[in-house]
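A structural walkthrough
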Amino acid sequence: MSRVYVFDHPLIQHKLTFIRDKNTGTKEFRELVDEVATLMAYEITRDMPLQETEIETPVTTCKSKVLAGKKIGLIPILRAGLGMVDGVLNLIPAAKVGHIGLYRDPETLKPVEYYAKLPTDIEERELIVIDPMLATGGSASVAITALKKRGAKNMKLMCLIAAPEGIKVVQEDHPDVDIFVAAVDEQLNDHGYIVPGLGDAGDRLYGTK
Ligand code: URA
């Protein structure tokens, strides 16, 4: 069973309050999502392996630690996932970024892939799949399956807010993928929105509503 990590850092929780607030405008919303993504990236990378190297300080030589060169890939799910990419890149600028686009089939209501452009070596990378709202879990689960089919072996799922329903789906479908969130909310409403949530993340990021 995969694990769910809820980041209760005060800065994340403070910023999330303003992200949720319906009176927060597009510009501020986008800036806050970006900042929270950076703070979450700091926590998500906590287990990154280090290796020793030898350097010279102005005073002497010494052994010191650097990241062990594990290659990272960020995979935002279009379009709301884009809103968190730059925030993560602030801390991991060398990460490659792939994109996955999904639409909802009007008949089956299931997410279907319409776009994927991925780093060529995803099987060697530690991937962070990014989707701000883990609602039904359908999109995240289909995206993770699509990545696995293309060879991805090592993945984490990063979301701002998750509903218990979405967590359950991802945990059942992908017990190897840990989930990192800023909050787990109460439930989904009849329209598939997370309650209390923040509304439509894509619309709020891009001012389309
Ligand atoms: N997607 C969103 O943007 N918001 C929700 O509440 C659920 C899915």
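Residues numbered from 1 in each chain as written. Predicted model: local features only at pLDDT ≥ 70, side-chain atom pairs only at ≥ 80, totals over all residues. Heavy atoms only, no water.

What to know about the overall build of the protein chain
Across its full length, the protein chain carries six helices and 15 strands. Here the protein chain holds 209 residues, and the buried ones make up 45% of them. Sequence-distant contacts in the protein chain: of pairs separated by 6 or more residues, those separated by 24 or more amount to 62%. Here the protein chain displays about 11200 Å² of accessible surface, and carbon together with sulfur accounts for 53% of that area. The positive charge centre, built from 25 side chains, and the negative charge centre, built from 30, are 3 Å apart in the protein chain. (Helix = DSSP H or I, 4+ residues; strand = E, 2+ residues; numbered from the N terminus. Buried < 20%, exposed > 50% of the residue type's maximum accessible area, 1.4 Å probe, protein only. Contact = heavy atoms within 4.5 Å. Areas by Shrake-Rupley, 256 points an atom, 1.4 Å probe, with all protein chains shown as cover. Lys, Arg positive; Asp, Glu negative; His and termini not counted. Charge placed at Lys NZ, Arg CZ, Asp CG, Glu CD.)

So, the environment of Pro175
Among the structural elements, Pro175 can be located in the loop between helix H5 (164–173) and strand S12 (178–181). Sequence spacing of Pro175 and Met1 is 174 residues, and the spatial spacing of their C-alpha atoms is 4.6 Å. Setting aside chain neighbours within four positions, we find Pro175 in contact with Met1, Ser2 and Val170.

Regarding the pattern of salt bridges
One pass over the full model with this rule turns up 15 salt bridges. The residue Arg3 makes a salt bridge to Asp178 at a minimum N-O spacing of 3.2 Å. Of the two residues, Arg3 sits in the segment before strand S1 (4–6) while Asp178 sits in strand S12, which places them 175 residues apart along the sequence. For Arg150, the salt bridge is made with Glu113, and the minimal N-O distance between the two is 2.8 Å. Highlighted residues: Arg150 in the loop between helix H4 (138–149) and strand S10 (154–158) and Glu113 in strand S7 (residues 111–117), separated in sequence by 37 residues. What makes Arg150 partly exposed here is its relative accessible area of 39%. Overall, Glu113 belongs to the partly exposed group, its relative accessible area being 30%. (Salt bridge = Lys/Arg side-chain N within 4 Å of Asp/Glu carboxyl O.)

Here's the deal with the UniProt feature "binding site: uracil" (unreviewed entry) in the protein chain
Following the UniProt record, one finds the feature "binding site: uracil" (unreviewed entry) at Ile194, Gly199, Asp200 and Ala201. Looking at the secondary structure, you find Asp200 in the loop between strand S15 (194–195) and helix H6 (201–206). Residue Asp200 is classed as partly exposed on the basis of its relative accessible area, which comes to 29%. Those residues in contact with Asp200 that lie beyond four places of it in its chain are Arg79 and Tyr193. In terms of polar contacts, Asp200 uses its side chain to reach the backbone amide nitrogen of Gly202, at 3.0 Å. Inspection of the secondary structure puts Ala201 in helix H6. (UniProt positions renumbered as here; feature names shortened; annotations may be inferred. Polar contact = N/O pair within 3.5 Å; in protein donor to acceptor, adjacent residues only side chain to side chain.)

A short note on the site of the ligand
For the ligand, the full set of nearby residues is Met133, Ala135, Gly192, Tyr193, Ile194, Gly199, Asp200 and Ala201. Ile194 has a polar backbone atom sitting 2.7 Å from an oxygen atom of the ligand. Gly199 is positioned such that a nitrogen or oxygen atom in its backbone is 2.7 Å from a nitrogen atom of the ligand. Its free accessible area being 240 Å², the ligand has 82% of it covered by the protein chains. Tallied by class, the residues present in the shell around the ligand amount to five nonpolar, two polar and one charged. (Near = heavy atom within 4 Å. Nonpolar A, V, L, I, M, F, W, Y, C, P; charged D, E, K, R; others polar.)

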